[in-house]
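# Residue-level structural notes
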Amino acid sequence: MRRVAGVLIAALLMLPGLIEAQAPTGQPSLSTEVILRPGDALLITVWPNTDLGGQFPIEETGMVYLPYLGSVRAAGVPIQDLRDRLREGYATAVQNPVVTVTPLFQVSILGEVRVPGNYTASPTNNFFDVLGMAGGFTAASDLEKVRLVRAGQVVELDALRAIETGSGLEGLTLNSGDQLIVPARGGINWRTVLTVFQSLLTLGLLAERLVRN
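Cut-offs used in this document
- By convention here, each chain's residues receive numbers from 1 onward along its written sequence.
- Thresholds applied to this predicted model are a pLDDT of at least 70 for local features of residues and 80 or more for the giving and counting of side-chain atom pairs; totals over whole chains, interfaces and linings are not thresholded and use all residues.
- As a convention, hydrogens and water are excluded, and side-chain values are obtained from all of the structure's heavy atoms.
- Helix and strand definitions follow DSSP, with helices as H or I runs of at least four residues and strands as E runs of at least two, each counted in order from the N terminus.
- We call two residues in contact when some of their heavy atoms are within 4.5 Å.
- Under the convention used here, a 1.4 Å probe and the Shrake-Rupley method define accessible areas, while residue burial counts only the protein chains that appear.
- Ring pairs are drawn from Phe, Tyr and Trp, using the six-membered ring of Trp, whenever the two centres fall within 6.5 Å, and their geometry is named by plane angle: stacked under 30 degrees, edge-to-face over 60, tilted for the rest.
- Accessibility here uses a 1.4 Å probe with only protein chains present; expressed as a share of the type maximum, an area under 20% marks a residue as buried, one over 50% as exposed, and anything in between as partly exposed.
- Note: two strands are recorded as paired if DSSP finds a minimum of 2 bridges between them.
- Expected helix span is computed as 1.5 Å times (number of residues minus one).
- Taking the helix axis as origin, the arc is that swept by the directions to the C-beta atoms.
- Counted as salt bridges are all cases of a side-chain nitrogen of Lys or Arg within 4 Å of a carboxyl oxygen of Asp or Glu.
- To count toward a patch, a residue needs a relative accessible area over 30% and no salt bridge; like charges are then connected within 9 Å, while nonpolar side chains (Val, Leu, Ile, Met, Phe, Trp, Tyr) are connected within 5 Å.
- Working convention for charge: Lys and Arg count positive, Asp and Glu count negative, and His plus the chain ends are omitted.
- Throughout, a charge is located at the NZ atom of Lys, the CZ atom of Arg, the CG atom of Asp or the CD atom of Glu.
- What we call a nonpolar core is a set of buried Ala, Val, Leu, Ile, Met, Phe, Trp, Tyr and Cys residues that are connected through their side-chain atoms within 4.5 Å.
- pLDDT is a residue-level measure of predictor confidence that goes from 0 to 100.

### Some details on the overall build of the protein chain
Scanning the protein chain from terminus to terminus reveals 5 helices and 9 strands. Starting at the N terminus and walking to the C terminus, you meet the elements of the protein chain as α-β-β-β-β-α-β-β-α-β-β-α-β-α. Within the protein chain, residue pairs in contact and separated by at least 24 positions form 56% of the contacts whose partners lie at least 6 positions apart. As displayed, the protein chain offers around 12600 Å² of accessible surface, 55% of which is attributable to carbon and sulfur atoms.

What follows is the structure, encoded as structure tokens:
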């Protein structure tokens, strides 16, 4: 049994390193091209014919239904391509129109912020704009390990450094479906801990069998 205890103690001493190894390394590059999804919307203004403007939702089919233009595919289309198509379409209805097209999409901010939830953002809203919508950080926030989750990729953001230096995240462009996760200081990845302890248990049982043999 002493051997088993020794094995378990050695494994426990390795636990911090195992947990640290699970932390994200590097920062994969994320596309800054805005692509909309069903549930997002378009805010359109057309001057001088203001009747053509308004806020229009993107349906489950991926189509948006607009005055004069009818149905237009919006989901999955790069926003610049969509802008060009709409401006060309409105130019056939209005002479020398001034057309603006602003995408509105949902992002979520979770964890240690004052009001976690889903918020409507646009490409003009940066990281700190969305943080302000959620009421800002709480006293327990780990500002150095904020995570941005986008399309299966995870990037760790150092908000503390950005605040201290006054630069670094103001140029971060958000996209439809982005998740910002603010962990608590000293937080533990319990899934990793559970996996480690399951491994320890298996290792202990194996060691005990070896001792008996």
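### A closer look at the packing of aromatic side chains
The full count for this structure, using the stated rule, is 1 aromatic pair. Plain terms: the ring middles of Phe127 and Phe128 are 4.9 Å apart, the flat faces sit at 80 degrees to each other, and that makes the pair edge-to-face. The buried category is assigned to Phe127, whose relative accessible area is 1%.

### Concerning the environment of Val94
Examined against the element boundaries, Val94 turns out to sit in the loop between α2 (79–91) and β5 (98–111). Judged by relative accessible area, which is 7%, Val94 ranks as buried. Note: C-alpha distance between Val94 and Val46 (48 residues apart in sequence) is 8.7 Å. Dropping the residues within four chain positions of it, Val94 is found in contact with Val46, Trp47, Pro48, Asn49 and Leu52.

### Re the pairing of strand β4 (residues 70–73)
Pairing of strand β3 (residues 63–66) with β4 involves 4 bridges; the strand directions are antiparallel. Following the sheet pairing, Met63 is matched in β4 by Arg73. Hairpin remark: β3 followed by β4, antiparallel, with 3 residues in the connecting loop; positive phi at Tyr68, about 75 degrees.

### A word on α2
Compared with an ideal rise of 1.5 Å per residue, which puts 13 residues at 18 Å, α2 spans 18 Å between its outermost C-alpha atoms and is within 8% of the ideal. Along α2, the residues that are buried comprise Ile79, Leu82, Arg83, Leu86, Gly89 and Tyr90. With its buried residues spanning 135 degrees around the axis, α2 presents them on a single face. Those residues of α2 hidden inside the fold are in contact with β1 (41–47), β3, β4 and β5.

### What to know about the pattern of salt bridges
Taken as a whole, this structure holds 3 salt bridges when the rule is applied. In this structure, Arg147 and Glu156 form a salt bridge, with 3.3 Å as the shortest nitrogen-oxygen distance. The exposure class of Arg147 is partly exposed, given its relative accessible area of 23%. Here Arg161 and Asp158 are joined by a salt bridge, their closest N and O atoms 3.8 Å apart.

### Let's talk about a negative patch on the surface
A contiguous patch of negative charge on the surface is contributed by Glu33, Asp81, Asp84 and Glu88. Mapped onto the elements, Glu33 comes out in the loop between α1 (2–21) and β1. Accessibility expressed as a relative area gives 42% for Glu33, which makes it partly exposed.

### Notes on the nonpolar core
Counting residues in hydrophobic clusters, the biggest one holds 42 residues, and the most contacted among them are Leu42, Ile44, Leu86 and Phe127. Examining the composition of this core, we find that 5 residues originate from one element, β5, more than from any other. Apart from the residues lying within four places of it in its own chain, the contact partners of Leu42 are Leu36, Gly54, Gln55, Phe56, Val64, Ile79, Leu82, Leu86, Val101, Thr102 and Pro103.

### Re the confidence of the model for the protein chain
Detailed reading of the predicted coordinates is not advisable wherever pLDDT is low. In this model, the protein chain carries a mean pLDDT of 81, and residues with pLDDT of at least 70 account for 72%. Here residues 189–193 scores under 50 on pLDDT; set against residues more than four positions off or in separate chains, the count is 5 contacts.

### Some remarks on unusual backbone geometry
Residue Pro48 follows Trp47 across a cis peptide bond; omega there is 15 degrees. You can see Pro48 is positioned in the loop between β1 and β2 (54–57). At Asn96, a position not held by glycine, the phi torsion is positive, near 50 degrees. Assignment of secondary structure puts Asn96 in the loop between α2 and β5. Classification of Asn96 as exposed rests on a relative accessible area of 64%.

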